[in-house]
Amino acid sequence: MTSPVSKSTARTTRNELMMLLLASIACALVLTLGVSQASPEGMRTIGLSRIALIGLVAGCGILACVFVWRALRAGRRALQAANATNTDLRKRLSMIEAVVNAEPQTLLFWGHPSRLQVVSHSLSQVPGLPETEEQLLRFADWLDMRSAASLKAALSELLGKGSPFNMIIKTRVGSALEADGRAAGGRAVVRIRDIAGYKKDVSRIIDEHQNLARDIASSRALLNALPMPAWLTDDSGAIVWVNSSYVKAVEAQNDIEAIERQVQLLEQRQRASVVKCLGEGKMFRKRLSLILNGEKKTHDVIVVGLKDGAAGAAIDVAALETAQGELDRQVAAFDRTLDRVATAVSIYNRERKLVFYNEAFRELWGLEPAWLNTGPSDSDVLDRLRANSRLPEVVNYPQWRSEFLREPDDGSERDDWWHIPGGQIVHVIVEQRPDGGVTHLYVDETERLALESQFNALGRVQSETIDSLKEGVAVFATDGRLKLHNSAFALIWGFDDAFLRDEPHIERLIANIKGRFPSSACWRNLKTIVTAISDQRSSADGQEVRDDQSVVDYATTPLPDGATLVTFADVTVSKRYERALVERNDALVAGDKLKNQFIGHVSYELRTPLTNIIGFSELLGSPAIGTLNPKQHEYLNDISFSSETLLAIIDDILDLATIDAGSVELDVTTIEVRALLERILSGVRERAVRAKLTLDIAIADDVTTFKADEARIRQVLYNLLSNAVGFSKEGGSILITCWREAGDMVFQVEDHGVGIPKDAQQRVFDRFESNSRGMKHRGAGLGLSIVRSLVELHGGRMVLESAPGVGTRVTVRLPEDGAGLDVGQDKNEQAVVGGRTIVDGTSALTRIANN
């Protein structure tokens, strides 16, 4: 590939050759034209012939060609030299790029007057280092504050004076990098490399050194700023550092003089005590008399042993004693003030002994001054209050007392409210004192809380009453501004809440309404009523049909303070609801009438023919009609059984329809439990005998009678027992249990039949839900539905427990006094368990064996 230099040289050589060639051709043409146009006389005049001129022209052309050839050869040589130079430069450039890219680094270059630019950026995977060149040049964005300032200063020296630098810089996330800057030939180069090996250790050492230097400098600055003498000694006891207070105390010129002269603040005997105490591994702390600035004062001297020396400080306690005296005087004045306030106050010292109480405290709790003056502890005070029934009623008093007297972890005050027997409410505030003690404040809030509760209750009642009204309510003051409104008012007229919160004038309300209801006229009447000045103020009302065909009733009422109460009611919605309710009621009446007609029709159309069938079947089976053969007798029994089954299904349907219609009235009487169970068992005994089942009855000793509708309860238990017989395996057993529990009479029917799967247990109480589950028994699916309805009518509840292959247990709980449960109580409680539960407490057991 030809470089730009070789291309320019070749282009220049070609241009010069072309110019020489054109000049030679031009001269030849001029001479030829001149010779061809000259007259013979002219030729003879200059003494040359036509042949001589032609020869001259040809010679000039040959000479020009020679010059052109030589120039072309020189240009070809120059082009070859330029190509060679270009090839050499490309090789050197590739070598330099390989050297630069051999190490991951970021190379920055600066050449005047150009700005600093990124030449190479192969450094990657360094946390905090930008990836783009534009972000890389903004050092303050990715370097920490100290590194950015140091690098900026070093770059200024490098670019201004050519001073090289090499430093460790850190990113904002803590990654360390090496920055190296050099100047060469009026240009500057900065290399940024990742540090590794010993350089990383050096970086860590530098950081630790800087941190230690900062800590030492800050510690010594703090010690030097203390108003108390402080000093450091080595392991031999020689002073190595003192603060400015120490220098002032020993009356030295500066710290250097104090160290050089080893001016000691402590006497030799005192220093010996310090050495002895430190030698035992203890901290020396003792109140000593020291001479400072020529004056003898008492100080608390503290000396702490170090690894290779000791550190000491002397605290002037004279100021503390003065402050303590001033504090005692202020406390005395404070105590006198507290003795005159209405809030009961008691103060305990750090040993939790009573050191102060005011008159309000004694009157509030009724304690004797003679006993209080003995300084009882806070625990004793609480015990005395509890003995006088002046503490809240708590279950565990020792625990409550410990919790109340426990100091809070954060030292903050503690609030508590005591509800004392008798209706008194006391607000208790426990506050920690600076001296380690505690202050108890007792505020009797009984009267205030009662008044506040009454006021808040009244305000809430009024606010909730107004805001819960469906009618819009607005109160306008005498100046015509809206002072009170509820949400219904804003909803009816479409006002914005923010607009109404500004208490707009009625003129603004009218202007706002005209934008949505241009033909509204009621507000003009309201404006006259609200802003009128008259001694005779009376109520007014009216109605308006708005542009959206909605109807709004309004009424005004003058208030005693001169304001006007305006109420609005959107009667359009009310009328719609009224029409909907009327239509719904008509539909319900029609449906109820249709249901009654259906019940009567079914009762007449089905029960009468079935009764006839049953009667004729009985008649055919009587001996008076004639003797039947066994087959005819079997067919006649089947007809009777099927007819009675169909009649039972019809009775069940009629019962459900009657229950749904709400026409069932329970005839509550006193029922003998044992007689009831005997009558029920007699109805299923024949089926149990055919199925070779054993019926067990377990009745608790305390079970005698209970109140319920005997016919309905017999129907409930018969259906449950019939289901148990139908779904029991041949040769199995059925357990009927009865006991009293928590005011209920509990009946339980348990079989060991096929059981009910868990997914089907929720559907067994649905109407017409029937499933033989592999047994011969299959009904219309109304028995359990009727059972549940009748149990609910008695205010009772059912629980079904079943598992496939284990059996089914149904528990019925009925109020033994005949009282029903609340309407909102869930009576459809169902439980699913995987096994059987044996009923405890059944002492009387009667067994009826059917073989």
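Residues numbered from 1 in each chain as written. Predicted model: local features only at pLDDT ≥ 70, side-chain atom pairs only at ≥ 80, totals over all residues. Heavy atoms only, no water.

(A) View of the packing of helix α19 (residues 506–514) against helix α20 (residues 522–531). Between α19 and α20, the least distance of the axes is 10 Å, while the angle of their chain directions is 175 degrees. With respect to each other, α19 and α20 are oriented roughly antiparallel. Note on element contacts: α20 touches α19 through W523, L526, K527, V530 and T531, opposite I506, E507, L509, I510 and I513. (Axes fitted to C-alpha atoms, helices over the stretch in contact; angles between N-to-C directions. Helix = DSSP H or I, 4+ residues; strand = E, 2+ residues; numbered from the N terminus. Parallel < 35°, antiparallel > 145°, perpendicular 65-115°, else oblique. Contact = heavy atoms within 4.5 Å.)

(B) Structural detail: the side chain of S802. Turning to its location among the elements, S802 is positioned in strand β26 (residues 797–803). The buried category is assigned to S802, whose relative accessible area is 3%. Within the structure, S802 has its side chain in polar contact with the backbone oxygen of G807 (distance 3.2 Å). Reaching out from S802, the side chain makes a polar contact with the side chain of T808 at a distance of 2.9 Å. (Buried < 20%, exposed > 50% of the residue type's maximum accessible area, 1.4 Å probe, protein only. Polar contact = N/O pair within 3.5 Å; in protein donor to acceptor, adjacent residues only side chain to side chain.)

(C) Main features of the packing of helix α23 (residues 673–690) against helix α24 (residues 710–726). It is the contact of α23 with α24, at a shortest axis distance of 10 Å, that shows an interaxial angle of 30 degrees. The pairing of α23 with α24 is recorded here as roughly parallel in orientation. With respect to the hand of their crossing, α23 and α24 are arranged in right-handed fashion. Along its contact with α23, which presents L676, L677, R679, I680, L681, G683, V684, R687 and A688, the element α24 presents E710, I713, R714, L717, Y718, L721, S722, V725 and G726. When its residues are assigned to classes, the contact of α23 with α24 shows 11 nonpolar, 3 polar and 4 charged. (Left-handed = near helix turned anticlockwise from the far one by under 90°. Nonpolar A, V, L, I, M, F, W, Y, C, P; charged D, E, K, R; others polar.)

(D) Representation of α23 within the structure. In this model, α23 (18 residues) spans 26 Å end to end at C-alpha, consistent with the 26 Å of a helix rising 1.5 Å per residue. Its axis deflected by about 45 degrees at V684, α23 carries its strongest bend there. Residues of α23 that are buried: V673, L676, L677, I680, L681, V684 and A688. (Expected span 1.5 Å × (residues − 1). Bend = angle between axes of the 7 residues up to and from the residue.)

(E) Structural view of α20. When α20 is considered as a whole, its buried residues turn out to be C522, W523, L526 and V530. In a view along the axis of α20, the buried residues occupy a sector of 85 degrees, so they form one face of it. Where α20 is buried, its residues meet β16 (472–476), α17 (487–493), α19, β18 (540–545), β19 (551–558) and β20 (564–570). (Arc of directions from axis to C-beta.)

(F) Highlighting unusual backbone geometry. Notably, Q262 is not glycine yet its phi reads approximately 55 degrees, a positive angle. By the secondary structure assignment, Q262 is in the loop between α9 (255–261) and α10 (268–279). A residue is classified by how much of its surface remains accessible, and Q262, at 29% relative accessible area, is partly exposed. For S389, which is not glycine, the phi torsion reads 60 degrees and is therefore positive. One can find S389 in the loop between α14 (378–387) and α15 (397–405).

(G) Local environment of the environment of L526. Mapped onto the elements, L526 comes out in helix α20. Relative accessible area serves as the criterion here: at 1%, L526 is assigned to the buried category. As for L526 and T556, which are separated by 30 residues in sequence, their C-alpha atoms are 8.0 Å apart. Filtering out sequence-adjacent residues up to four positions away, L526 remains in contact with I506, Y554, T556, V566 and F568.

(H) Inspection of a nonpolar patch on the surface at higher detail. On the surface, a cluster of nonpolar side chains totalling about 400 Å² of accessible area is made up of F616, L619, L620 and I625. Along the chain, L619 falls in helix α21 (residues 571–621). Given the relative accessible area of 43%, L619 is considered partly exposed. (Patch = residues over 30% accessible without salt bridge, like charges linked within 9 Å, V, L, I, M, F, W, Y side chains within 5 Å. Areas by Shrake-Rupley, 256 points an atom, 1.4 Å probe, with all protein chains shown as cover. Salt bridge = Lys/Arg side-chain N within 4 Å of Asp/Glu carboxyl O.)

(I) The arrangement of the layout of surface pockets in detail. Looking at the second largest pocket, its volume works out to about 460 Å³. L327, V331, R433, P434 and D435 are the residues nearest the centre of the second largest pocket, which is lined by 19 residues in total. Mapped onto the lining of the second largest pocket, the elements with two or more residues apiece are α11 (318–338), β11 (344–348), β12 (354–357), β14 (424–432) and β15 (438–444). Per-element tally for the lining of the second largest pocket: the top contributor is α11, with 8 residues. (1 Å grid on protein atoms, 1.4 Å probe; cavity = no way out; pocket = protein on both sides within 12 Å on 5 of 7 lines; lining within 4 Å. Points joined across faces, edges and corners; volume = space filled by probe spheres on them.)

(J) Structural view of the pairing of strand β27 (residues 807–815). For β27, a buried count of 9 out of 9 residues is recorded, marking the element as mostly surrounded by other parts of the structure. Pairing between strand β25 (residues 744–751) and β27: 8 bridges, direction antiparallel. Across the sheet, V749 pairs through a bridge with V810, a residue of β27. In this structure, β26 lies alongside β27, joined through 7 bridges in antiparallel fashion. Bridge assignment links E801 to a residue of β27, and that residue is R809. Remark: 3 residues form the turn of the hairpin made by β26 and β27, two consecutive strands paired antiparallel; G805 in that turn has positive phi of roughly 80 degrees. (Pairing = 2+ DSSP bridges.)

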